[in-house]
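Observations on chain architecture
Single-letter residue listing:
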Amino acid sequence: MAMPPLSLKGRALRYPAAREHSPAELLRKLAPHAQERSEIEQVLDDLQAKGFLSEERVAASVLRQRAARLGDRRLRQELHTKGLDAQTVAQALELLRGTEPARPREVWQRKFGQVATDPAARARQMRFLLTRGFALAVALRSVQGAASAADTCCVAGAWEAFGAVALAGVA
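Computed from a prediction, not measured in an experiment: that's the story for all the values here.

Thresholds, definitions, all that
- Residues numbered from 1 in each chain as written.
- Predicted model: local features only at pLDDT ≥ 70, side-chain atom pairs only at ≥ 80, totals over all residues.
- Heavy atoms only, no water.
- Helix = DSSP H or I, 4+ residues; strand = E, 2+ residues; numbered from the N terminus.
- Buried < 20%, exposed > 50% of the residue type's maximum accessible area, 1.4 Å probe, protein only.
- Contact = heavy atoms within 4.5 Å.
- Areas by Shrake-Rupley, 256 points an atom, 1.4 Å probe, with all protein chains shown as cover.
- Arc of directions from axis to C-beta.
- Axes fitted to C-alpha atoms, helices over the stretch in contact; angles between N-to-C directions.
- Parallel < 35°, antiparallel > 145°, perpendicular 65-115°, else oblique.
- Left-handed = near helix turned anticlockwise from the far one by under 90°.
- Nonpolar A, V, L, I, M, F, W, Y, C, P; charged D, E, K, R; others polar.
- Core = buried A, V, L, I, M, F, W, Y, C linked by side-chain atoms within 4.5 Å.
- Salt bridge = Lys/Arg side-chain N within 4 Å of Asp/Glu carboxyl O.

1. Some words on the overall build of the chain
Counting its secondary structure elements, the chain contains 10 helices and zero strands. Reading the chain from its N end, one meets helices and strands in the order α-α-α-α-α-α-α-α-α-α. Residues classed as buried in the chain amount to 32% of the 171 residues present. Counted over contacts in the chain with a minimum sequence separation of 6, partners at least 24 positions apart contribute 54%. About 10700 Å² of surface is accessible on the chain, with carbon and sulfur atoms providing 57% of the total.

Printed below as a string of structure tokens:
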């Protein structure tokens, strides 16, 4: 005996049962199953009124799952991708403000564990942290570990010069 197709509200309730979804995510997922957008918006409004959907819970869930491995920039991008408003994203990232220096060091330690001895290895370690959304200055401190402050200035200056050349090529 075949199961009857789920109603729009049934589908909307099934998604958050697996993980937190933002209203924008549910809107996108439910769109193929509705005749009109107003139907979906009505169901989502009802779910929000009953407390089944919450942007704050979505943000907290993303931070809980991903903050140990990603930097603020990447987390901001993921939260915006989920359709959260700028204020909710800013509030969520404010909770991580004090942890930004320690998180990239832990990620770097798990992946590499030792200070790079040559420039190519150092560049690879920097790219690793930068692609995970950590700020340049924080990534530099993590990669260099015990390196001298003079090296930090040289690497930072080289990075700024590279950025200026790259921007000049775009213009």
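What follows picks up the thread again.
2. Focus: helix α7 (residues 102-111)
Of the positions making up α7, those classed as buried are Arg103, Pro104, Val107 and Trp108. Each buried residue of α7 lies within a common arc of 130° when the element is viewed along its axis, so the set occupies one face. Taken together, the buried residues of α7 touch α5 (72-81), α8 (119-131) and α9 (136-144). The first or second residue beyond α7 is Gly113, which carries a positive phi of 80°.

3. A closer look at the packing of α7 against α9
Relative orientation of the contacting elements α7 and α9 amounts to 40°, with a least axis distance of 9 Å. When the axes of α7 and α9 are compared, the pair comes out oblique. Note that α7 runs across α9; the crossing there is right-handed. Contacts between α7 and α9 involve Pro104, Arg105 and Trp108 from the first element and Val138, Arg141, Ser142 and Val143 from the second. For the contact of α7 with α9, the class distribution of residues is four nonpolar, one polar and two charged.

4. What about the nonpolar core?
Counting 13 residues, the largest nonpolar core has Leu63, Leu75, Leu79, Leu84, Leu93 and Leu96 as its most contacted members. Elements that contribute at least two residues to this core include exactly α4 (55-66), α5 and α6 (86-94). Top contributing element to this core by residue count: α4, with four residues. Setting aside residues no more than four positions away along its own chain, Leu75 makes contact with Val62, Leu63, Arg66, Ala67, Leu70, Leu93, Leu96 and Arg103. Membership of the second largest hydrophobic core comes to 11 residues, among which are Ala12, Leu27, Val43 and Leu53.

5. Here we look at the pattern of salt bridges
Scanning the entire structure with this criterion turns up 11 salt bridges. Two residues, Asp46 and Lys50, come together in a salt bridge whose shortest N-O distance is 3.6 Å. Under the relative-accessibility criterion, Asp46 is labelled partly exposed at 27%. Among the salt bridges present, the one from Glu94 reaches Arg97, with a minimum N-O distance of 3.0 Å. Residue classification places Arg97 among the exposed positions, given a relative accessible area of 57%. Residues participating in the shared-partner salt-bridge network are Lys9, Asp46 and Lys50.

6. Some thoughts on the environment of Leu136
Within the element layout of this structure, Leu136 appears in helix α9. Leu136 sits 10 residues away from Met126 along the chain, and the two C-alpha atoms are 8.3 Å apart.

7. A short note on the environment of His80
Secondary-structure assignment places His80 in helix α5. The exposure class assigned to His80 is partly exposed, which follows from its relative accessible area of 38%. Each residue touching His80, except ones within four places of it in the same chain, is listed here: Ala86 and Val89.

Honestly, it's all geometry; don't read function into it.
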